[in-house]
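# Descriptive analysis of the structure
Chain by chain, the residues:
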Amino acid sequence: QLTPDFYNKTCPGAFAAIDKVVRAAIANDPSMGASLLRLQFHDCFVNGCDGSVLLDDTPTTKGEKTAAPNNNSLRGFDVIDRIKAEVESLCPGVVSCADIVIITARDSVVAFGGTPWTVLLGRRDSPIANFSGANTDIPAPTLNLSNLITSFANKGLNAIDLVALSGAHTVGQARCINFRNRIYNDTNIDPEYAKALRGICPITGGDDNLYSFTESATHFDNDIYHDMIKKKVLLHSDQELYNGGPLDRQVEAYSKNPEAFAADFGNAMINMGNISPLTGTSGQIRLNCRKVN
Ligand code: HEM
Ligand SMILES: [Ca+2]
């Protein structure tokens with residue numbers, strides 16, 4: 001029951017306002033576009049796309065921000081706050097934080113030169129976060145292919161969605177702690193690439209040292225699929241998609257056909273955006289994305 005025109009009567013100015021803040025944030029810090037895209041994934045995989053990821057810890061309950069996949073890693077919450085403030089001044093109490101995450105992810109991809117898709121809207125915000133769900137439901141970069149497929153299937157997403165959505169790693173960066181095991185122990189990695197990375201990510205220390213997923217980490221294209229084929233990707237999980245298994249052909253297809261990738265990526269973002277939304281009178285429209293009303 002999500003629709004593209006949900007705010008057309010109640011807050012038509014929201015789209016331009018959101019896009020403006022996203023573009024300003026990216027102009028100020030180009031790495032922010034990737035971080036804003038990732039927020040949709042980490043929201044939607046935990047209790048659905050309900051803005052739960054945005055809730056701060058309270059004295060009595062842990063939010064999702066301090067769960068293992070997010071702690072010291074997820075960012076962009078201040079940008080979401082700026083967007084919410086703008087949108088609240090335009091149309092108070094109308095646009096949910098959950099929908100802001102969805103629109104922001106799309107606008108970030110477009111700002112990075114990617115192809116737009118039509119977002120479906122009308123989500124409401126959850127009054128609760130799920131700390132343990134954030135630890136269990138967001139796939140780890142150590143997973144093998146069959147566990148990656150299962151983790152997506154658990155959210156109603158298929159293997160094509162998995163390959164297309166992994167294309168998000170054409171932008172952004174990862175910390176050494178998430179690729180150390182790959183560069184020292186994996187065998188399906190280009191030796192020169194692994195060697196260069198060992199300079200950035202020593203066996204001990206430097207856990208938070210950052211490295212870009214691809215050479216053009218602020219441009220949204222299909223580079224990551226070329227890198228998978230060259231065995232030059234940071235994450236073990238990304239190389240699992242192209243490792244002699246059933247999804248090799250799909251990776252090759254996206255590497256050769258950027259338009260097919262762009263179309264499937266948009267569709268897969270819509271599919272991911274459909275995970276268990278709160279609609280109608282469920283949940284609330286938070287006034288501050290960090291706190292329950
Ligand atoms: C398929 C399973 C996935 C795994 C195992 C995975 C894992 C990771 C890891 C380990 C990082 C680096 C975090 C850090 O070092 O702090 C990362 C970053 C990122 N992920 Fe994923 N991810 C997956 C799927 C996705 C999806 C579906 C999206 C969005 C559609 C996404 C978007 C991003 C982006 C944009 C970044 C860079 C963030 C930044 O630079 O701030 N990932 N991912
Ligand atoms: Ca959520």
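Since this is a predicted model, take the numbers as computed values, not measurements. Each chain has its residues counted from 1, running along the sequence as written. Chain A is the first chain written and ligand 1 is the first ligand written, with later ones labelled in order. Selection of residues for local features in this predicted model requires a pLDDT of at least 70, selection of side-chain atom pairs for listing and counting requires 80 or more, and totals for whole chains, interfaces and linings are taken over all residues. With hydrogens and water excluded, all non-hydrogen atoms of the structure serve as input to the side-chain values.

This next bit is on the coordination of the calcium ion (ligand 2). Each donor-metal-donor angle would ideally measure 109.5 degrees in four-coordinate tetrahedral geometry, or 90 or 180 degrees in six-coordinate octahedral geometry. Coordinating N, O and S atoms are those within 2.8 Å of the metal (3.2 Å for Na, K and Ca), and as water is not part of the atoms, a site may appear to have fewer donors than expected. For the calcium ion (ligand 2), the full set of protein donor atoms is Asp43 (O), Asp43 (OD), Val46 (O), Gly48 (O), Asp50 (OD) and Ser52 (OG), and the range of their distances to it is 2.3 to 2.4 Å. Coordination geometry of the calcium ion (ligand 2): the six donor atoms subtend angles of 73 to 158° at the metal centre, consistent with an arrangement described as irregular. Mapped onto the sequence, the residues coordinating the calcium ion (ligand 2) show the spacing D-x2-V-x1-G-x1-D-x1-S. Judged by its relative accessible area of 2%, glycine 48 is buried. Donor angles set the geometry label: tetrahedral for four donors if every angle is between 85 and 135 degrees, square planar for four and octahedral for six if opposite donors exceed 155 degrees and the others are between 65 and 115, irregular for anything else. Per-residue accessibility, obtained with a 1.4 Å probe over protein chains only, is compared with the maximum for each type, and a residue is labelled buried under 20%, exposed over 50%, and partly exposed between these values.

The next point concerns the domain arrangement of the chain. Where each domain starts and ends follows an automatic or database-derived domain assignment. Each assigned domain of the chain is listed with its residue range as follows: domain 1 (14–138 + 269–273) and domain 2 (145–268). Between domain 1 and domain 2, the C-alpha centre-to-centre distance is 22 Å. Of the residues lining the interface, 20 residues belong to domain 1; the matching set on domain 2 comes to 21 residues. Broken down residue by residue, the surface that domain 1 buries against domain 2 is led by Phe45, Phe112 and Met269, which jointly contribute 33%. Here, a salt bridge means any Lys or Arg side-chain nitrogen found within 4 Å of an Asp or Glu carboxyl oxygen. Viewed at the interface, domain 2 and domain 1 are joined by one salt bridge. A salt bridge links lysine 155 to aspartate 137; the shortest N-O distance between them is 2.8 Å. The contact rule is simple, with two residues in contact once any of their heavy atoms fall within 4.5 Å. Summed over both partners, buried area is the accessible surface (1.4 Å probe) that two parts give up on being assembled.

A few words now on the state of the cysteines. Note on disulfides: each one is a pair of cysteine sulfur atoms within 2.5 Å. Tallied over the entire structure, the rule returns four disulfides. For cysteine 176, the disulfide goes to cysteine 201, at an S-S distance of 2.0 Å. On the S-S bond that ties cysteine 176 to cysteine 201, the torsion sits near 70°, and the link is right-handed. Taken together, the residues cysteine 176 in the loop between β1 (173–175) and α8 (180–185) and cysteine 201 in the loop between α9 (191–200) and β2 (210–212) connect sequence positions 25 residues apart. For the pair cysteine 176 and cysteine 201, a shared accessibility class is recorded, and that class is buried. Cysteine pairing for the chain, with bonded cysteines counted in sequence order: 1-4, 2-3, 5-8, 6-7. For helices the rule is a DSSP run of H or I covering at least 4 residues; for strands it is a run of E covering at least 2, with both sets numbered from the N terminus onward.

Confidence per residue, as judged by the predictor, is encoded in pLDDT with a range of 0 to 100. Averaged over the chain, the pLDDT score is 98; the fraction of residues at 70 or greater is 100%. Here the complex is predicted with pTM 0.98, and the ipTM for its interfaces comes to 0.99.

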